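# Examining the three-dimensional arrangement
If you want the building blocks of each chain, they are given just below.
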Amino acid sequence: MSARHDGCFNALPDLQVVFDYEGDGVGIPDPPNVQHAYELIGTLEQPQARIHSTYVWITEVSEETPWVAEHVHDYDEVLIWTGSDPANPRDLGATLRMVVDGEEHTVTHSGSVYIPAGTPHCPLDFIEVRRPFTFSALSLAPEYSARR
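Scope of this entry: the structure provided in the associated data block. (Residues numbered from 1 in each chain as written. Predicted model: local features only at pLDDT ≥ 70, side-chain atom pairs only at ≥ 80, totals over all residues. Heavy atoms only, no water.)

## Topic: the pairing of strand β4 (residues 77-83)
The buried count for β4 comes to 5 of 7 residues, which makes it a mostly enclosed element. For β4 and strand β7 (residues 111-115), the ladder comprises 5 bridges, and the chain directions are antiparallel. Each residue of the ladder has a partner; that of I80, found in β7, is S112. The pairing of β4 with strand β9 (residues 133-139) spans 7 bridges and is antiparallel. Of the residues in β9, the one forming a bridge with T82 is T134. (Buried < 20%, exposed > 50% of the residue type's maximum accessible area, 1.4 Å probe, protein only. Helix = DSSP H or I, 4+ residues; strand = E, 2+ residues; numbered from the N terminus. Pairing = 2+ DSSP bridges.)

## Focus: the sheet that holds strand β5 (residues 91-100)
Whenever strands of a sheet pair, they do so through backbone hydrogen bonds, lying parallel or antiparallel. Pairing is antiparallel in the open sheet, where 4 strands are placed in the order β3-β8-β5-β6. Looking at which strands have only one partner, the edges of the open sheet turn out to be β3 (65-68) and β6 (103-109). Taking each pair of neighbouring strands and ignoring which way they run, the sheet shows an average axis angle of 25°. In this structure, β5 lies alongside strand β8 (residues 121-129), joined through 6 bridges in antiparallel fashion. Note that in β8 the partner of L96 across the bridge is F126. (Axes fitted to C-alpha atoms, helices over the stretch in contact; angles between N-to-C directions.)

## Thoughts on the pattern of salt bridges
Within this structure, the stated rule accounts for 6 salt bridges. Here E64 and R97 are joined by a salt bridge, their closest N and O atoms 3.0 Å apart. Note that E64 is positioned in the loop between β2 (52-58) and β3 and R97 in strand β5, a separation of 33 residues in sequence. Here E64 falls in the partly exposed class, since its relative accessible area comes to 48%. With a closest N to O distance of 3.0 Å, E128 and R130 form a salt bridge. E128 sits in the partly exposed class, given a relative accessible area of 30%. Assessed through its relative accessible area of 44%, R130 is described here as partly exposed. Among the charged side chains, a salt-bridge network with shared partners connects E64, R97, E104 and D125. (Salt bridge = Lys/Arg side-chain N within 4 Å of Asp/Glu carboxyl O.)

## Concerning the sheet that holds β7
Read across the open sheet, the 5 strands follow the order β1-β2-β9-β4-β7; overall the sheet is antiparallel. For this open sheet the edge positions go to β1 (34-41) and β7, each flanked by a neighbour on one side alone. The sheet shows a mean angle of 15° between the axes of neighbouring strands, taken without regard to direction.

## Some thoughts on the packing of aromatic side chains
The relation between two aromatic rings is expressed through the spacing of the ring centres and the mutual angle of the planes. Applying the stated rule across the entire model yields 5 aromatic pairs. Here the aromatic cluster, defined as three or more aromatic residues joined through ring pairs, consists of W67, W81, F126 and F135. (Phe/Tyr/Trp six-rings, centres within 6.5 Å; stacked < 30°, edge-to-face > 60°.)

Okay, here's the thing in structure tokens:
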């Protein structure tokens, strides 16, 4: 017998989104350290969902590696990066470069950035990744979409 909310659970389906502003979509090679991309919530598994969230493992890379080009969303977005050291969860184990509305930021700790709708953001580049970490994007819309 199925329960009323069975459809609200999922088992990390593979992410099936075309990201026009990262990797091959913008003419840069897909970074080899971006692995295991999943949809945490979204219309792939929950057709009634009004948000979309991804979960990606980022593995080690010793050289600067571009990933996501500048783009804009018509909805709010939260980008989240979480280190994998249980003894020091705030240490990301990586150095990222993130640009928001023309301002460059260096990220070295677990955390997030809130990006209001209409705000240009990225590039997002890996300066170095010493230890794997997870990256998630929470879109306050049912499906991912972006524009330049």
